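Understanding the architecture of this molecule
Chain by chain, the residues:
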Amino acid sequence: MTQAVQLLSAESEAAKILAEVGDGATVAVGGYYDYRHPMALVRTLIASGAKDLTLVAPSGSIDVDILIGAGVVKRLIGGRVAFGLLGLAPNFRRAVENGSLEFLETDTLTLVRGFQAAARDVPFVLTRTLIGSELLRFYPGKVVDVDGEAFLQVLPIRPDVCLVHAQVGDRLGNLRVLSEGFDVEMVKASRLTIASVEEIVSYVESSRGITVPKYSRDAVRAVVEIPYGAHPTSCVPYYVHDIRHLLTYLETVEGGDFNGYLDRFVLQDGGVNHFDYVERAVGMKGLKKLEYLAKRGEEVVTSGAAI
Amino acid sequence: MAQPSEMLPRAGAASAYSVGELMISCMASQLGDGDVVHAGYATPLAVLSAFLALELHAPTAVVLPISVSGVRRTKPFPLTLSMVEAMTMTGGLIDRTNDIYDHAESSEFDYEPLSPAQIDMFGNMNNSVIGDYQRPKVRLPGGGGIATLGSLKTYRVSMYSTKHSKRTFVEAVDFITGVGYLKGGDSRRQIGLPGGGPTRIVTDLGVLGFDEESGRMTLEAVHPHSSREEIEAHTGFELLVPDSVDTVPAPTVEELRLIRGKLDPFGLRELEFMDTVERRKRIIELIEQEEEYFLGGRAGPNRPASG
């Protein structure tokens, strides 16, 4: 079933699509570590008032933590939520510790195989993952014996909606992703994908990065141009992650003022405006620093110069 | 693969070095030429040891500084906080996360140093919870790669710990996120895992291994600043100790020159030894230094400002 791909130019259009994400839907969120999470779409999803979502996130940081804090997540299927060297994820931690969040904890490879099972439309794929781990107790797939070796039947994961932030996209719904993480498999497994991109081009070509072609069997794929749409996470080679803002987030939440963060950076005047967010959260000078660092990182490696 | 116990004291051994530098040298010595080394989230010591091996005795090793970025690298780069992703994505070979996982599932050359919160006497790893699983005292990041790698057939799981203590080395982990030798003996084989299992653990005090028959943790070598007695006093269970225990060789002058001058000029190797408060403070200083150096044309850590 092919449907027209929507070419959209403003975050308000993304808001219209996201407003249709029904309560209780399964939503997958792309990116990994502190890299390339679809943060503008995440903020829009919070503002849409969706609730009781099942969130699928192999490797989350601020994206998952902010959705949990905002109370839109009922259940999380994920591999890891953390802020790396900056510390543990405060809302995730509290919600699991006080029992308010249901967490199906697994590992990243099992999740990727689950996306593949969905994309291939098969009932399971076999892996060796989770055998011997106590996480197996909570995983719904069966363990089978093949000549004395145990394999896990990894069940398909089919998100209703997938949110990703890619470097480049086009009007046909093709995307190009660099620094992949788990996004490509996730997009292929999902019924609907909404991609924000740094740039919309006339036609995506396979240059640097992995192309995610739009296949005819895919459901709707919407592409929205939202520059800096991954901030405060990264989108190389455009900009690096904003460690200062991530620390501001952590310290605000740990200090008990998550709602203050939401009011200031997510729900401005009852709605969400991406460019207002960017101005408040980082500003032109800060953005330019993040952009230059991404460029300089490339130059240093290319030139091989000593530091 | 060179093992610490097989090494002779090296000519040109340095007299002054940090524990972090010693651990990098020691972890690098475990890598063989042609190995494929994965590094995960927030693990500077893992990346630096792989880069050091690449510079010295493992020139054809392949390093994945951010395993799931999808990029294989055969050349190191200077480690930074801001630009590690941008640098990883420059001049490497872009693969698919999916293909990297295929290889990891079947290759005997793939290797990853993990740093879980708890490790028990059979090398079982916990990075899920402290306390009860359903109502934990501390909810940790989660299964991530740990729950994957413990179960693989040939993948070489090694571990490291910057704080050899009874909190980390516990008789039984609170939760088995990633399986080691389970309950020892042939218990791993009995649940259908005929191969795999952890190989070695480098800590700030020494090097631990595993007894092939019983699966129990053994003491392999002590660092020059430590002793068998100190290691036993900081381990929460009885280690198997051979009659004579080797001393880990000090890093060489050449290794220190590479670590300090080329691979880690800003000193990220010390971050894993700090608590969260101290580490965040240091991270702010480091990103200021990185911005000054890369954007301001100021003096680098190892080089005076030119002109």
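Before reading on, note that the structure itself is shown above.
In what follows, the accompanying structure is described. (Residues numbered from 1 in each chain as written. Chains lettered and ligands numbered in written order. Predicted model: local features only at pLDDT ≥ 70, side-chain atom pairs only at ≥ 80, totals over all residues. Heavy atoms only, no water.)

**What to know about the overall build of chain B**
When its secondary structure is counted, chain B shows nine helices and 14 strands. Considering only C-alpha atoms, chain B reaches an extent of 65 × 45 × 40 Å along its principal axes. A total of 307 residues make up chain B; the buried ones form 62% of that total. At a minimum sequence separation of 6, the contacts of chain B that also span at least 24 residues come to 66%. (Helix = DSSP H or I, 4+ residues; strand = E, 2+ residues; numbered from the N terminus. Buried < 20%, exposed > 50% of the residue type's maximum accessible area, 1.4 Å probe, protein only. Contact = heavy atoms within 4.5 Å.)

**Remarks on the interface of chain B and chain A**
Contacts between the two partners involve 75 residues from chain B and, on the opposite side, 77 residues from chain A. With both chains or domains summed, chain B and chain A bury close to 6500 Å², and 60% of this area falls on carbon and sulfur atoms. Contact with chain A buries area across many residues of chain B, yet B:Tyr41, B:Arg139 and B:Arg280 alone supply 13% of it, more than any other trio. The interface formed by chain B and chain A includes nine salt bridges. A salt bridge links A:Arg244 to B:Glu291; the shortest N-O distance between them is 2.8 Å. Seen at the junction of chain B and chain A, the total is 36 residue pairs in polar contact (both at pLDDT 80 or more). (Buried area = accessible area lost by both parts, 1.4 Å probe. Salt bridge = Lys/Arg side-chain N within 4 Å of Asp/Glu carboxyl O. Polar contact = N/O pair within 3.5 Å; in protein donor to acceptor, adjacent residues only side chain to side chain.)

**What to know about the packing of helix 7 (residues 243–254) of chain A against helix 8 (residues 258–266) of chain A**
For any two helices packed against each other, one specifies the inter-axial angle together with the distance between the axes. Residues and elements named next belong to chain A. The geometry of helix 7 relative to helix 8 is characterised by a closest axis approach of 7 Å and an angle of 135° between their N-to-C directions. It follows that helix 7 is oblique to helix 8 by the angle criterion. Of the residues in helix 8, those in contact with His245, Tyr249, Thr252 and Val253 of helix 7 are Phe258, Tyr261 and Phe265. For the contact of helix 7 with helix 8, the class distribution of residues is five nonpolar, two polar and no charged. (Axes fitted to C-alpha atoms, helices over the stretch in contact; angles between N-to-C directions. Parallel < 35°, antiparallel > 145°, perpendicular 65-115°, else oblique. Nonpolar A, V, L, I, M, F, W, Y, C, P; charged D, E, K, R; others polar.)

**Considering the pattern of salt bridges**
Residue and element names in this part refer to chain A. Within the structure shown, the criterion is met by 29 salt bridges over all chains. For arginine 93, the salt bridge is made with glutamate 97, and the minimal N-O distance between the two is 2.6 Å. Residue arginine 93 and its partner glutamate 97 are located together in helix 4 (residues 90–97), separated by four residues, close to a single helical turn. Residue classification places arginine 93 among the partly exposed residues on the basis of a relative accessible area of 27%. Between glutamate 291 and lysine 288 there is a salt bridge, with the nearest N and O atoms lying 2.8 Å from each other. Note that glutamate 291 and lysine 288 are positioned in helix 10 (residues 283–303) at a spacing of three residues, about one turn of the helix. According to the relative accessible area criterion, glutamate 291 is buried, its value standing at 10%. A relative accessible area of 33% means that lysine 288 is categorised as partly exposed.

**A few points about the environment of A:Glu254**
Along the polypeptide, A:Glu254 turns up in helix 7. Classification of A:Glu254 by relative accessible area gives partly exposed; the value is 42%. The spatial distance from the C-alpha of A:Glu254 to the C-alpha of A:Asn91 is 8.6 Å, given a sequence separation of 163 residues. If sequence neighbours within four positions are ignored, A:Glu254 has contacts with A:Pro90 and B:Arg280.

**Digging into unusual backbone geometry**
For the peptide bond that leads from A:His231 to A:Pro232, omega is 10°, which places it in the cis range. Note on placement: A:Pro232 falls in the loop between strand 13 (221–225) and helix 7. A cis amide bond links A:Val236 with the next residue in sequence, A:Pro237, at an omega value of 5°. With respect to the helices and strands, A:Pro237 occurs in the loop between strand 13 and helix 7. Positive phi, close to 70°, is recorded for A:Leu130, a residue that is not glycine. The phi torsion at B:Leu182 lies on the positive side, around 55°, for a residue other than glycine. With respect to the helices and strands, B:Leu182 occurs in the loop between strand 10 (156–161) and helix 6 (187–190). You can call B:Leu182 buried: its relative accessible area is 15%.

**Notes on the sheet that holds strand 7 (residues 143–146) of chain A**
All names here are of chain A. Spatially, three strands are ordered 6-8-7 in an open sheet, and the strand pairing comes out antiparallel. A single partner strand is all that each edge strand has here, and the edge strands are strand 6 (125–127) and strand 7. Strand-to-strand twist across the sheet, computed as the mean angle between neighbouring axes with direction ignored, equals 40°. (Pairing = 2+ DSSP bridges.)

**Quick look at the packing of aromatic side chains**
Given two aromatic rings, one states the distance between the centres and the angle between the planes to describe the pair. All names here are of chain A. One pass over the full model with this rule turns up 18 aromatic pairs over all chains. Site record: aromatic cluster; members linked through ring pairs are Phe83, Tyr249, Phe258, Tyr261, Phe265 and Tyr277. When the ring centre of tyrosine 277 is taken as origin, the NZ or CZ atom of arginine 43, which lies over that ring, is 3.4 Å away. (Phe/Tyr/Trp six-rings, centres within 6.5 Å; stacked < 30°, edge-to-face > 60°. Lys NZ or Arg CZ within 6 Å of the ring centre and 35° of its normal.)

**Description of helix 1 (residues 19–28) of chain B**
Across the 10 residues that make up helix 1 of chain B, a large majority, nine, are buried. Contact partners of the buried residues in helix 1 of chain B: helix 2 (44–55), strand 5 (110–114), strand 10, strand 11 (198–203), strand 12 (206–210) and helix 8 (253–263) of chain B.

**Things to note about the side chain of B:Thr203**
All names here are of chain B. Within the secondary structure, threonine 203 sits in strand 11. Of the polar contacts made by the side chain of threonine 203, one reaches the backbone nitrogen of leucine 205; its length is 2.9 Å. Apart from the residues within four sequence positions on either side, threonine 203 is in contact with Met23, Ser161, His164, Phe169, Leu208 and His223.

**Observations concerning the pairing of strand 12 of chain B**
Residues and elements named next belong to chain B. Across the five residues that make up strand 12, a large majority, five, are buried. In strand 12, alternate side chains face the same way, and those of Gly206, Leu208 and Phe210 on one face and Val207 and Gly209 on the other are all buried. Once strand 11 ends, the chain turns through two residues before running back antiparallel as strand 12. Pairing between strand 12 and strand 13 (residues 217–222): five bridges, direction antiparallel.

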